[in-house]
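One letter stands for each residue in the lines below.
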Amino acid sequence: MGKDVIVACDFDSAEKTFAFLDRFTGRKPFVKIGMELYYAEGPSIVRAVKERGHRIFLDLKLHDIPNTVKKAMAVLSGLDVDMCNLHAAGTREMMEAALEGLTRPDGSRPLLIAVTQLTSTDQARMERDLLIREPIAEVVLHYAQTARDAGLDGVVCSPMEADRVHAACGRSFLTVTPGVRFADGDRGDQRRVTTPAEAKRIGSDYIVVGRPITAAPDPVAAYERCVREFAG
Ligand code: C5P
């Protein structure tokens, strides 16, 4: 399982998404649909991308009371996505309820991944706004262990945390890692970045790559380069 590049389709319309995906005439990339595109187009965009033959990570980061998340996950499961996610901060009970909702009558289900602390949250913000005083690295590991204990398949984390998460939660517990840039590329607003090759070395299972591919002059070549460096 794993070792694949997931392309973040951070577009605000189906039209732009299809124009982008139309460029890929060979291999069909694993695609991430996030809040922007999903809220713009609704579930029809998920069905349309699926019909084109792509695997889909639906990145909606659910966080609500267990019963609400369970019911929402049951709906998402019906969309036949391959991976979806929630916030570990919703507690173990919420994550267990999510798994129940996600599991289809035949026992199959999409992979379920937990967000630990967003990479936009740092130690100072966590202490000031959330009143969490432990070191952020420990908070991330604790959330990952709680997600594993709840039965989830992995976490979204920084590539730099992938080895520690694997050490604490086991090698088969998936690490899905954004914050990836080419060595010669633009960082944009990402702070702690790694190259695809470095992410591979640290042990990420999936890298999530947006602008280095979507904004490249030749997105297909940029995607192939990512695959070569990360999964080659
Ligand atoms: O364009 P870029 O490669 O920075 O895109 C990374 C993608 O991963 C975006 O869709 C962003 O929302 C998402 N993401 C992130 N950091 C997190 C969680 C998700 O960059 N901690």
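Only a predicted model underlies this, so the values are computations on that prediction, with no experimental measurement involved.

Cut-offs applied
- Per chain, residue numbering runs from 1 following the sequence as it is written.
- Local features in this predicted model are restricted to residues whose pLDDT is 70 or higher, and side-chain atom pairs enter the listing and the counts only when it is 80 or higher, whereas totals over whole chains, interfaces and linings include all residues.
- Calculated side-chain values reflect all of the structure's heavy atoms, with hydrogen atoms and water omitted.
- For the purposes of this section, nonpolar cores are sets of buried Ala, Val, Leu, Ile, Met, Phe, Trp, Tyr and Cys residues that join through side-chain atoms within 4.5 Å.
- Exposure categories follow from relative accessible area, calculated using a 1.4 Å probe and restricted to protein chains: below 20% of the type maximum is buried, above 50% is exposed, and the middle band is partly exposed.
- Each helix is a run of H or I in the DSSP string that is no shorter than four residues. Each strand is a run of E no shorter than two, and both are numbered from the N terminus.
- The arc under discussion is defined with respect to the helix axis, by the directions toward the C-beta atoms.
- Pairs of residues are marked as contacts when any of their non-hydrogen atoms sit within 4.5 Å.
- We call Phe, Tyr and Trp rings a pair once their centres come within 6.5 Å, taking the six-membered ring for Trp, and we label the pair stacked below 30 degrees between planes, edge-to-face above 60, and tilted otherwise.
- Axes here refer to lines fitted to C-alpha atoms; in helices the fit is confined to the stretch in contact. Angles between the N-to-C directions go from 0 to 180 degrees.
- Every angle not falling under 35 degrees, over 145, or within 65 to 115 is termed oblique; those three ranges are roughly parallel, roughly antiparallel and roughly perpendicular.
- Note on convention: the crossing is left-handed when the near helix lies turned anticlockwise from the far helix by less than a right angle, right-handed when the turn is clockwise.
- Charged means Asp, Glu, Lys or Arg here, nonpolar means Ala, Val, Leu, Ile, Met, Phe, Trp, Tyr, Cys or Pro, and polar covers whatever is left, Gly included.
- Put simply, a residue is near a molecule or strand once any heavy atom of it comes within 4 Å of that molecule or strand.
- What qualifies as a polar contact is a pair of N or O atoms within 3.5 Å, subject to a donor-acceptor requirement within protein and to the restriction that residues adjacent in sequence count only when both atoms come from side chains.
- Accessibility throughout is a Shrake-Rupley quantity obtained with a 1.4 Å probe, and a residue counts as covered only by protein chains that appear here.
- Think of it this way: DSSP has to see at least two bridges between two strands before they count as a pair.
- Handedness of a crossover is defined as follows: orient the strands so they point away from the viewer, and if the path from the first strand over the helix to the second runs clockwise, the crossover is right-handed.

1. Comments concerning the nonpolar core
And step 1. Counting residues in each nonpolar core, the largest one holds 59 residues, and the members touching the most others are Ile33, Leu58, Met73 and Leu86.
And step 2. Ile6, Ala8, Ile113 and Val208 belong to the second largest nonpolar core, which has 13 residues in total.

2. Regarding helix α3 (residues 43–51)
And step 1. What α3 keeps buried is the set Ile45, Val46 and Val49. End-on view of α3: buried residues confined to an arc of 100 degrees, all on one side of the axis.
And step 2. Tucked into the core, α3 has its buried residues touching α1 (14–21), β2 (30–34), α2 (35–41) and β3 (56–62).
And step 3. Trailing α3 by a residue or two, glycine 53 shows a phi angle of about 95 degrees, which is positive.

3. A short note on the packing of aromatic side chains
And step 1. This model, assessed by the stated rule, comprises five aromatic pairs.
And step 2. With 5.3 Å between their ring centres and 50 degrees between their planes, phenylalanine 11 and phenylalanine 20 make a pair best called tilted.
And step 3. Accessibility expressed as a relative area gives 14% for phenylalanine 11, which makes it buried.
And step 4. Take phenylalanine 20: its relative accessible area is 5%, and that puts it in the buried class.
And step 5. With 5.8 Å between their ring centres and 75 degrees between their planes, phenylalanine 30 and tyrosine 206 make a pair best called edge-to-face. In this pair, phenylalanine 30 is assigned in strand β2 and tyrosine 206 in strand β8 (residues 206–209), connecting sequence segments 176 residues apart. Taken as a pair, phenylalanine 30 and tyrosine 206 share a single burial class, namely buried.

4. Some points on the packing of α1 against α3
Describing two packed helices takes the angle between their axes plus the distance from one axis to the other.
And step 1. α3 packs onto α1 with a crossing angle of 15 degrees between their chain directions and a minimal axis gap of 11 Å. Relative to α3, the element α1 is oriented roughly parallel. Relative to α3, α1 is oriented so that their crossing is right-handed. Residues Ala14, Phe18 and Leu21 of α1 lie in contact with α3, whose contacting residues are Ile45, Ala48 and Val49.
And step 2. A breakdown of the residues in the contact of α1 with α3 according to their chemical character gives six nonpolar, no polar and no charged.

5. Some details on the site of the ligand
And step 1. As a structural note, the neighbourhood of the ligand is formed by Ala8, Asp10, Lys32, Thr119, Pro178, Arg181, Gln190, Val208, Val209, Gly210, Arg211 and Pro212.
And step 2. Aspartate 10 places a polar side-chain atom, nitrogen or oxygen, 2.7 Å from an oxygen atom of the ligand.
And step 3. At a separation of 2.8 Å, an oxygen atom of the ligand approaches a polar side-chain atom of arginine 181.
And step 4. Bound to the protein, the ligand loses 83% of the 470 Å² it would expose on its own.
And step 5. Put simply, the parts of the chain that give the shell around the ligand at least two residues each are β8 and α10 (211–214).
And step 6. Per-class residue counts for the shell around the ligand are five nonpolar, three polar and four charged.

6. Section: the environment of alanine 89
And step 1. In this fold, alanine 89 is placed in the loop between β4 (83–87) and α5 (92–102).
And step 2. Alanine 89 gets classed as partly exposed once you look at its relative accessible area, which sits at 39%.
And step 3. Separated by 41 residues in sequence, alanine 89 and leucine 130 place their C-alpha atoms 11 Å apart.
And step 4. Each residue touching alanine 89, except ones within four places of it in the same chain, is listed here: His63 and Tyr143.

7. Digging into the pairing of strand β1 (residues 4–8)
And step 1. The element β1 is largely enclosed, with a buried count of five among its five residues.
And step 2. Side chains Asp4, Ile6 and Ala8 project from β1 onto one buried face, and the interleaved Val5 and Val7 project onto a second face that is buried too.
And step 3. Judged from the four bridges that link them, β1 and β8 form a sheet pairing that is parallel. Each residue of the ladder has a partner; that of isoleucine 6, found in β8, is valine 208.
And step 4. Two elements, β1 and β2, share three bridges in a ladder whose sense is parallel. Paired with valine 7 across the strands is valine 31, a residue of β2.
And step 5. On the question of chirality, the crossover connecting β1 to the parallel β2 by way of α1 is right-handed.

8. A short note on the side chain of threonine 177
And step 1. Inspection of the secondary structure puts threonine 177 in strand β7 (residues 174–177).
And step 2. Take threonine 177: its relative accessible area is 0%, and that puts it in the buried class.
And step 3. A polar contact is formed between the side chain of threonine 177 and the side chain of serine 204, at a distance of 2.9 Å.
And step 4. The residues touching threonine 177, leaving out its near neighbours within four places in the chain, are Cys157, Ser158, Pro159, Ser204, Tyr206, Ile207 and Val208.

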